[in-house]
Amino acid sequence: MTDYIYYIKHSDTDDKYKDAVKNRVTAFKNEIKKNKNFLNNFTFHICDSYKTLGNKSELTKYVSENSEQFLYTGGMTASFKEGTREIIIKTSKHSVFNISMNKKISDVTQATMHEIGHQFDDQFGYCDPNLLSEVKKLPLWSDDEGTIEQQKLYDTFLKNKDLSDSSEFKKAWKQDAQNLGKSSFSNFLFKQRYIDYYVFDVDITDGVTDEEVEEADSHRGEIFAQLFSYAMGEDDGQKEAIVKKYSNCYKIVKLYIKKYLGIDVKNN
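Since we're looking at a predicted model, the values are computed, not measured.

Student: An account of the environment of I242 is needed here, citing residue identities and associated values.
Tutor: Note on placement: I242 falls in helix 10 (residues 239-245). Look at I242 and you get buried, because its relative accessible area is 0%. Separated by 19 residues in the primary sequence, I242 and I223 place their C-alpha atoms 8.8 Å from one another.

Student: If you had to explain the packing of helix 1 (residues 15-31) against helix 3 (residues 105-123) to someone new, which residues and values would you point to?
Tutor: In the contact formed by helix 1 and helix 3, the axes pass within 10 Å of each other and the chain directions differ by 50 degrees. On the basis of their axis angle, the class for helix 1 and helix 3 is oblique. For the pair helix 1 and helix 3, the crossing hand works out as right-handed. Contact with helix 1, carried on its side by K16, Y17, A20, V21, R24, V25 and F28, involves I105, V108, T109, T112, M113 and I116 of helix 3 and no other residues of that element. Partitioning the contact of helix 1 with helix 3 into residue classes produces nine nonpolar, two polar and two charged.

Student: Please set out the nonpolar core residue by residue, giving values where relevant.
Tutor: Counting 56 residues, the largest nonpolar core has F28, F120 and W173 as the members making the most contacts within it. For this core, the elements supplying multiple residues, two or more each, are helix 1, strand 2 (42-47), strand 4 (84-90), helix 3, helix 6 (167-181), helix 9 (217-231), helix 10 and helix 11 (247-261). With residues near it in sequence (within four places) discarded, F120 still touches F38, L163, F224, F228, Y256, I257, Y260 and L261. Ranked by size, the runner-up nonpolar core spans nine residues in total, among them Y50, M76, A78 and I88.

The rules behind these values
- Residues numbered from 1 in each chain as written.
- Predicted model: local features only at pLDDT ≥ 70, side-chain atom pairs only at ≥ 80, totals over all residues.
- Heavy atoms only, no water.
- Helix = DSSP H or I, 4+ residues; strand = E, 2+ residues; numbered from the N terminus.
- Buried < 20%, exposed > 50% of the residue type's maximum accessible area, 1.4 Å probe, protein only.
- Axes fitted to C-alpha atoms, helices over the stretch in contact; angles between N-to-C directions.
- Parallel < 35°, antiparallel > 145°, perpendicular 65-115°, else oblique.
- Left-handed = near helix turned anticlockwise from the far one by under 90°.
- Contact = heavy atoms within 4.5 Å.
- Nonpolar A, V, L, I, M, F, W, Y, C, P; charged D, E, K, R; others polar.
- Core = buried A, V, L, I, M, F, W, Y, C linked by side-chain atoms within 4.5 Å.

So, in structure tokens, the structure goes:
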């Protein structure tokens, strides 16, 4: 596989953001000691508005056509073809007053590492070969949602394919979620101030069952990616609070970074 990383700046986007993303990715790539081909064939789309993405790929077409759904989303990532992965980074943010404002460079680099964290979660996860084989037989449907059996199979696949689906991470997440769900002033403040990283997928105020850990697949993936960005040195102003509440998860993320990338981040 050719060792290329592509950077595409879309219209009305300041050059400084493309440079910031490229410099951050290059610095990260230079830190990798194991699996050095991790970022091969990545494409980074840097845009001021999702509407300007156009039809360069399935991902950009979908996001540009549905941009109103993603007003408060700072980035996205997906893998549509074997060995080809894309990350979209938005350089503006939508305020409560319906005004678009440019982001700080540090927010853009943090979002970049967050999305890379999703890809790290995906690429180094383990999926049972038999399950993967069955999922690959599923048709690609658009308007048709598929049969109930097909949906259940795909749902099982989503909950059992990533590093954030590993038994170690699920155990750590369960411990952190149970602690976060306890009645305390600290947890109340966290819920109010860091709403994006409080658990709403399931009710954690009455404890957390193994079934609820499975149901919280989306949250597990999001906190994994956020902690990955923090472990790699990024800080969007929320790091201290989030790392404190997800301390068990953070330990596992750092262990995985060392195991699969050879980067020792124990001091971050």
